[in-house]
Amino acid sequence: MNRLKFLEDEIKILKDENRFIKLHILESEQAPVAVIDGKKVINLTSNNYLNMTTHPAVKKAAADAVLKYGIGTAAVRTIIGTMSLHEQLEKRLAEFKGTEAALVIQSGFTSNTAVCQSLMTSLDDVLISDELNHASIVDGGRLSKAVKKIYRHCDMKHLEEILKSPEVKKARRRMVVTDGVFSMDGDIAPLPQIVDLCEKYDAVIMVDDAHSSGVLGRQGRGTVDHFNLKGRVDIQIGTLSKAFGTIGGYVAGSQNLRDYMISTARPFLFSSSHPPSVIATCLAGLDVIYNEPQRLEKLWTNTKFFKEEITKAGFDINKSQTPITPVMIRDTKKAFEFSARLFDEGVFALAIGFPTVQKGLERLRNIVTAGHEIKELEASVAAYKKVGKAMGII
Ligand SMILES: *Cc1c(COP(=O)(O)O)cnc(C)c1O
């Protein structure tokens, strides 16, 4: 009996198309220099922007919470899975984001799917999305009942054309969704222009700040703060799994948005809540964000240094404006080979190919963190140069 025999063919297809993923194994803490696949390497792959994963005070907060509150809630939020800690974190996240309220949901991914599904409930609604938005927004669109419209990446003319089309104008609800910082290219959405258009055409605006929270704006409050748009963006999504270094997501906006989501968001209703240790980690993480501004400064010093040096070496970093720094290779095979050779030189940067990015836009994706030392970044650039020259890329 082998009813899953068809998987052999499917796996073969994945392998032929370079889409078969083998897991890399981290054998140390998630740190700027880490043991990956048995080798100690400079780690340019995590979303650990503020180097929070190993912060002693944050680790202690998690351990203390286990001793005081136990290991979990064993319930969904709406039954008996809401501890005072959860409410406390939501109040503080709202303050961080400059909104009336916030609601913590299992992950950034499910925060996006939850909002799209809860708010866009009819064929008379239209969900308008940037073509390079995160997969969770795409899936949110699939779970919603709305008609979907996709605009070319950051193309405001195209967005306006869609907003003023008769079909969209007569819709019951319109919602425009964009990543704040795009996760593969590291470019920043033109949020002021998007906000202007949403105000002009009466559309709800939702921004996914997964890669901007802890990174952009005062104290890393995100793109709304970065662009000074307080009070003009209806829904801000954040994640607790990148700069905060743990797990979870949240929706920040009005009190009504929070109240409505509590009663309708399916991941919130039907999947259990975060253990107290995770919530305590996030509370301690917020203290770090407020009390240790040098982390954010170091993140940007490192980012500028790495970008300048890698560009000087002759590599193309495309449109990146943030710590996410793609090094364009523009060929799948070469991208994977480059990554493997870098690893031999003691640097880990992941190759990204189709379908995560378009064909012809294959790259190595680097994320610099506040934890990297300049000498580690110098060594990384030296390795890039060595491999780049050997492969005829620079
Ligand atoms: C990582 C990411 C998410 C998912 O967040 P998780 O908390 O990891 O589920 C959502 N949106 C964007 C833009 C992301 O980069």
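Residues numbered from 1 in each chain as written. Predicted model: local features only at pLDDT ≥ 70, side-chain atom pairs only at ≥ 80, totals over all residues. Heavy atoms only, no water.

A.B. asks: Give me the side chain of D130: which residues, what numbers.
C.D. replies: Position of D130 relative to the elements: it lies in strand β4 (residues 125–130). Although D130 lies buried, it forms no salt bridge, and the closest oppositely charged side chain, K319, sits 8.4 Å away as judged by the N-O distance. At 2.8 Å, the side chain of D130 forms a polar contact with the backbone nitrogen of L132. Setting aside chain neighbours within four positions, we find D130 in contact with I150, Y151, R152, H153, C154, V177, T178 and F182. (Helix = DSSP H or I, 4+ residues; strand = E, 2+ residues; numbered from the N terminus. Buried < 20%, exposed > 50% of the residue type's maximum accessible area, 1.4 Å probe, protein only. Lys, Arg positive; Asp, Glu negative; His and termini not counted. Salt bridge = Lys/Arg side-chain N within 4 Å of Asp/Glu carboxyl O. Polar contact = N/O pair within 3.5 Å; in protein donor to acceptor, adjacent residues only side chain to side chain. Contact = heavy atoms within 4.5 Å.)

A.B. asks: Quick one: what's the story with the environment of P326, residue by residue and with numbers?
C.D. replies: Along the chain, P326 falls in strand β10 (residues 324–328). You can call P326 buried: its relative accessible area is 0%. When the C-alpha atoms of P326 and L350 are compared, they prove to be 9.8 Å apart, with 24 residues separating the residues in sequence. Among residues more than four places away in sequence, those in contact with P326 are M184, D185, D316, I317, N318, S320, R363, L364 and R365.

A.B. asks: Account for helix α13 (residues 294–312), with residues named and values stated.
C.D. replies: A rise of 1.5 Å per residue sets the reference length of α13, with its 19 residues, at 27 Å; its end C-alpha atoms lie 27 Å apart and thus fit the reference within 8%. Contacts made by the buried residues of α13 are with α12 (276–291), β10, β13 (363–367) and α15 (374–390). (Expected span 1.5 Å × (residues − 1).)

A.B. asks: Break down the side chain of S118 for me, with residues and values.
C.D. replies: Tracing the sequence through the fold places S118 in helix α4 (residues 108–119). The exposure class of S118 is buried, given its relative accessible area of 4%. Within the structure, the side chain of S118 is placed 3.1 Å from the side chain of T264, a separation counted as a polar contact.

A.B. asks: A description of the sheet that holds strand β2 (residues 39–43) should follow, citing residues and the corresponding values.
C.D. replies: In space, the three strands of this open sheet follow the order β1-β2-β11, with mixed pairing throughout. The sheet is open, and its two edges are formed by β1 (33–36) and β11 (347–348), each paired on a single side. Of the strand pairs in this sheet, β1 and β2 are connected by four bridges, and their pairing is antiparallel. Opposite V33, over in β2, you have I42 as the bridge partner. The strands touched by α15 within the sheet are β1, β2 and β11, with β2 carrying the most contacts at an inclination of about 100°. (Pairing = 2+ DSSP bridges. Axes fitted to C-alpha atoms, helices over the stretch in contact; angles between N-to-C directions.)

A.B. asks: Break down the packing of aromatic side chains for me, with residues and values.
C.D. replies: Two aromatic rings are characterised by how far apart their centres lie and by the angle between their planes. Counted according to the given criterion, the structure contains seven aromatic pairs. Centroid distance F315 to Y384: 5.5 Å. Interplanar angle 75°. Geometry classified as edge-to-face. Of this pair, F315 sits in the loop between α13 and β10 while Y384 sits in helix α15, and the two are 69 residues apart along the sequence. Judged on exposure class, the residue F315 and its partner Y384 are both buried. Between F343 and F348, the aromatic rings sit 5.9 Å apart at their centres with planes inclined by 80°, giving edge-to-face as the arrangement. Residue classification places F343 among the buried residues on the basis of a relative accessible area of 17%. Among the residues examined, F348 registers a relative accessible area of 7% and is labelled buried. Among the aromatic side chains, those forming a connected cluster through ring pairs are F306, F315, F338 and Y384. One cation-aromatic arrangement involves K15 over F20; the distance from NZ or CZ to the ring centre is 4.7 Å. Over the ring of F354 we find K359, and its NZ or CZ is 4.4 Å from the ring centre. (Phe/Tyr/Trp six-rings, centres within 6.5 Å; stacked < 30°, edge-to-face > 60°. Lys NZ or Arg CZ within 6 Å of the ring centre and 35° of its normal.)

A.B. asks: I'd like to hear about the pairing of strand β3 (residues 101–105), residue by residue, with values.
C.D. replies: Across the five residues of β3, five count as buried, placing the element largely inside the fold. Residues A101, L103 and I105 point to one face of β3 and A102 and V104 to the other, with burial holding for every one of them. Strand direction decides the pairing type here: β3 and strand β9 (residues 249–253), joined by five bridges, are antiparallel. For V104, the partnering residue across the bridge sits in β9 and is Y250.

A.B. asks: Requested: an account of the pattern of salt bridges, with residues and values cited.
C.D. replies: Scanning the entire structure with this criterion turns up 25 salt bridges. Notably, a salt bridge pairs D139 with R142, separated by 3.1 Å at the nearest N-O pair. In this pair, D139 and R142 both sit in helix α5 (residues 135–143), three residues apart, roughly one turn of the helix. A residue is classified by how much of its surface remains accessible, and R142, at 61% relative accessible area, is exposed. With a shortest N-O distance of 2.4 Å, D225 and R218 are connected by a salt bridge. Using a relative accessible area of 19% as the deciding quantity, one classes D225 as buried.

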